[in-house]
Amino acid sequence: MTSANFLPIDSIMRIKQIYCIIIAIAFIPAGAFAKKQPKAVIPVRDTVLAETPDSAFIQIGDSTVTAVHSGDTLSKGFEPEYSDEYLDTVNIKKKKTINDYSMIGVQYGIALNQMRFNPSKKQGMLMTPVNFGVVYTRYGKMFGYMPYFGFQAGLFYGQDGYIFKKDKETGDYTETVDGAVKATYSYLEVPLLAHLHVDVWKLKLIVNVGLYGAYRINVEREGERVDPNYVNKFYDYDRRFDYGIKAGAGIGLMLDPVEFHITAAYRASLGTLYDPDYNSQYYYRFAYPSDIIISAGIHVQLTKRTGKTKAELRKEAKSFVYNDTITDTSGPDRSR
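Residues numbered from 1 in each chain as written. Predicted model: local features only at pLDDT ≥ 70, side-chain atom pairs only at ≥ 80, totals over all residues. Heavy atoms only, no water.

1. What about the nonpolar core?
Membership of the largest hydrophobic core comes to 14 residues, with the highest contact counts inside it found for Phe117, Tyr162, Tyr185 and Leu273. Listing elements by their share of this core, those giving two or more residues are β6 (102–118) and β9 (182–200). Excluding anything up to four places from it in sequence, Phe117 contacts Gln123, Tyr162, Phe164, Val177, Tyr274, Phe286 and Ala287. Listed in part, the five residues of the second largest apolar core include Ala111, Tyr212, Ala214 and Ile293. (Core = buried A, V, L, I, M, F, W, Y, C linked by side-chain atoms within 4.5 Å. Buried < 20%, exposed > 50% of the residue type's maximum accessible area, 1.4 Å probe, protein only. Helix = DSSP H or I, 4+ residues; strand = E, 2+ residues; numbered from the N terminus. Contact = heavy atoms within 4.5 Å.)

In structure tokens form, the structure reads like this:
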């Protein structure tokens, strides 16, 4: 038997290894070693997201979207079109911006009066049906966007005073001030109040707090032991200047450009009615007026509460005539 020429065993093993590598490469997908490309996400109608490779076309209805991704930028080459049926389902709400506006008005009310006596005295509640005045209100925005604040100033004519109670057993008055069992003081008042408000629909919720100054212009005393010369005259020790704290709350009805307000206010004097030592240098006496005032008022808006003001319209007209770019006019100064 003739001997045949055979390849060495190590050569045969190398050939098998090369053959297996070729077979493996043939079955691996062509793009397995390709670098994965990032996908771009584009919003469609604010609610639909479409993913695309670097450059692709997407068919959405009758519109074609071209999305091109390059680095960190994304551009799209279409304007979305909406059907009439879809537009009919869109609910658009118009937001009203409250301007910085001013008002002037008149108020009329009644007052329930007492005195904070020290030493204390038995007294009733004196009702005075005269409290009216003129009020100016200016609204503004805190930090340029919180339309809940303003200030209020005015001039009022009002009355306060006191009335003592009779003794239940004797039926007589046991308390007096200079012989008077009842006294009514008329005054002129200038309040300066911080004005807070919240507008809901056509209603306005109101809170006021601040200070006031007043001057007593008249007095009327009643009582059997009152000196006839001082029934309508101040004593030398009476203090005619008054000052104190005034605060209240209320509700308003807005029928632009007119507003109707109903308020209740508490007025606490910090100045006594007379000199504390007028009767004794050793035993001081004090009397501080304390009033509850319920009033109604009508106010007229001097500038527009909502909508574009004259200043905004003039600015837009100037921009239109001179072909300027109209800038945002929603800043805080819209009262002119």
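2. Regarding unusual backbone geometry
The peptide bond linking Asn118 to Pro119 adopts the cis configuration, its omega dihedral lying at 0 degrees. With respect to the element layout, Pro119 can be found in the loop between β6 and β7 (126–142). For the peptide bond that leads from Asp256 to Pro257, omega is 10 degrees, which places it in the cis range. Mapped onto the elements of the fold, Pro257 is located in the loop between β11 (241–255) and β12 (258–269). For Asp178, which is not glycine, the phi torsion reads 55 degrees and is therefore positive. If you trace the backbone, Asp178 turns up in the loop between β8 (146–163) and β9. By relative accessible area, which is 23% here, Asp178 ends up partly exposed. The phi angle at Trp201 is positive, at roughly 60 degrees, despite the residue not being glycine. Along the polypeptide, Trp201 turns up in the loop between β9 and β10 (203–222).

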